[in-house]
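Report on the structure
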Amino acid sequence: MMIKNPIHPHLADAYKEMGKHSTIPLWEIYHLLVSNEPKPMGDPNLWRYSDLRPLLLDAGNKISAEEAERRVLALKNPGLERPGIAQTLFAGLQLVMPGEIAPAHRHTQGAIRFVLESTGGYTAVEGERCTMQRGDFITTPSWCWHDHENTGDGPMIWLDGLDVPLVNFLGGKFAEENETDQQPIFRSDNASVATYGTGLRPFNGAEQKPYSPIFRYPYDRSRAALMEMAQGTIDPYLGHKMIYANPNDGGHVLPTISAFLQYLPKGFETTAWRSTESTVFSVVEGSGIVRAGDTEIRFEESDTFVVPNWTAYQITADTDAVLFSFSDRAAQEKLGIFREEKPAA
Ligand code: GTQ
Ligand code: FE2
């Protein structure tokens, strides 16, 4: 590594010698590595559904799901080099056309899906078909087999969220394809939410995995819970916000990814706050404005936007609004580095 414009130019010759022996003078780069607080990585940005949907459907006419393996428009943060919506997170919009199957595979990267459009279809996860209807939240944890099928008569489109940048950075990238396009089904449809989604769990001491045993959180139930919560007092920073919880321990759905559903009544303005997590939002219902850093973005139904780490943001709801979001908070909490800053409201 060449040190350009060294702080101590009279040491330049010494630095050259150090470089030949694969060493760097830490005193020249210290504040790149260790700083008093984080620098946001990537930009706040919005992807309009009305822009992306036609592009996706056009791709649907030009490449099959089979051929593409996954027909996904990846949402690339304009402020980052690598493909990713944030430093640690990947996001994309995926399309499966009627009759199509996205073939079964598994990988060490964990994924979540949030359904934008569907007339019938499912993601199969570990032997269980999880129905996909608008607003449904579905997980495919690390190393779980998954394939998607559209059994309806219209396009099926959802938001994918994966921990790809994080897992790849850590060096644990593995994947394999299934022998057949569709994995064997050995549970009834939506079995995991039927089993674990009611406040009960099997009392047999079965091993608890490092992820939620529920693979599908149906929107009607999630929305009903949120509206019940909305009977109580509103939080100035969050509005009415719920976390998709692992019913075994109340924790996050995946070891790396957290997911949330939030209700902001018409006219409500959240108080700006920030945290070390990077968060991706999907607008389920309503419209409004998000102010993140120096950026002001108007959002509408089915749009996606990202708020990078350590970027203060504030949301104003123009109408009653329901927002889905996911972030890397789960990973950060486990690593003991999560922090938030909430200025007095
Ligand atoms: O649906 O299995 O957006 O493996 C990226 C990687 C979706 C998927 C993505 C994937 C998938
Ligand atoms: Fe996958």
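What counts and what doesn't
- Residues numbered from 1 in each chain as written.
- Chains lettered and ligands numbered in written order.
- Predicted model: local features only at pLDDT ≥ 70, side-chain atom pairs only at ≥ 80, totals over all residues.
- Heavy atoms only, no water.
- Core = buried A, V, L, I, M, F, W, Y, C linked by side-chain atoms within 4.5 Å.
- Buried < 20%, exposed > 50% of the residue type's maximum accessible area, 1.4 Å probe, protein only.
- Contact = heavy atoms within 4.5 Å.
- Phe/Tyr/Trp six-rings, centres within 6.5 Å; stacked < 30°, edge-to-face > 60°.
- Helix = DSSP H or I, 4+ residues; strand = E, 2+ residues; numbered from the N terminus.
- Lys NZ or Arg CZ within 6 Å of the ring centre and 35° of its normal.
- Pairing = 2+ DSSP bridges.
- Axes fitted to C-alpha atoms, helices over the stretch in contact; angles between N-to-C directions.
- Near = heavy atom within 4 Å.
- Polar contact = N/O pair within 3.5 Å; in protein donor to acceptor, adjacent residues only side chain to side chain.
- Areas by Shrake-Rupley, 256 points an atom, 1.4 Å probe, with all protein chains shown as cover.
- Nonpolar A, V, L, I, M, F, W, Y, C, P; charged D, E, K, R; others polar.

What to know about the nonpolar core
Ile-85, Phe-137, Tyr-244, Phe-324 and Phe-326 are the most contacted members of the largest nonpolar core, which has 48 residues in total. Apart from the residues within four sequence positions on either side, Phe-137 is in contact with Ile-112, Arg-113, Phe-114, Phe-215, Arg-216, Tyr-217, Tyr-244, Val-253, Ala-259 and Phe-324. If you look at the next biggest cluster of nonpolar residues, it comprises 19 residues, including Leu-238, Val-290, Ile-297 and Ala-321.

Quick look at the packing of aromatic side chains
Scanning the entire structure with this criterion turns up 13 aromatic pairs. Judged by centre distance (4.7 Å) and plane angle (15°), the ring pair of Phe-281 and Phe-305 falls under stacked. Residue Phe-281 is located in strand β16 (residues 279–285), and its partner Phe-305 is located in strand β19 (residues 304–307); the two are separated by 24 residues in the primary sequence. By relative accessible area, Phe-305 is classed as buried at 0%. Seen from their ring centres, Phe-281 and Tyr-313 are 5.7 Å apart, and the 65° between their planes marks the pair as edge-to-face. Note that Phe-281 is positioned in strand β16 and Tyr-313 in strand β20 (residues 313–317), a separation of 32 residues in sequence. For Tyr-313, a relative accessible area of 8% gives the class buried. Lys-342 extends its terminal NZ or CZ atom over the ring of Trp-273, reaching a point 4.7 Å from the ring centre.

Some details on the sheet that holds strand β8 (residues 137–140)
Taken together, the six strands give an open sheet; going across it, the order is β2-β3-β10-β5-β8-β12, and neighbouring strands pair in antiparallel fashion. Each edge of the open sheet carries a strand with a single partner, namely β2 (72–74) and β12 (216–217). Direction of pairing for strand β5 (residues 111–117) relative to β8: antiparallel, over a ladder of four bridges. Within the sheet, the bridge partner assigned to Ile-112 lies in β8 and is Thr-139. Relative to strand β3 (residues 90–96), helix α3 (residues 49–62) is tilted by about 55°, and along the sheet it contacts β2, β3, β5 and β10 (156–162).

Here we look at the pairing of β8
Of the two faces of β8, both are covered, the one formed by Phe-137 and Thr-139 as well as the one formed by Ile-138 and Thr-140. Alignment of β8 against β12, held across two bridges, turns out to be antiparallel. Bridging across to β12, Ile-138 finds its partner in Arg-216.

Some words on the site of ligand 1
Surveying the vicinity of ligand 1 reveals the residues Arg-70, Val-72, Phe-90, Gln-94, His-105, His-107, Arg-113, His-146, His-148, Asp-160 and Leu-162. Interatomic distance of 3.0 Å between a side-chain N/O atom of Gln-94 and an oxygen atom of ligand 1. Here ligand 1, which alone exposes 280 Å², has 88% of that area covered by the protein. At the level of elements, β3, β4 (101–107), β9 (146–150) and β10 are the ones that each hand at least two residues to the shell around ligand 1. In the shell around ligand 1, the residues fall into three nonpolar, five polar and three charged.

Here we look at the pairing of β16
If a strand is regular, its side chains alternate between the two faces of the sheet. Here β16 lies mainly inside the structure; six of its seven residues are buried. Note: β16 against β19, four bridges, orientation antiparallel. Within the sheet, the bridge partner assigned to Val-280 lies in β19 and is Val-306. With six bridges connecting them, β16 and strand β21 (residues 321–327) associate as antiparallel partners. Bridged to Ser-282 within β21 is Phe-324.

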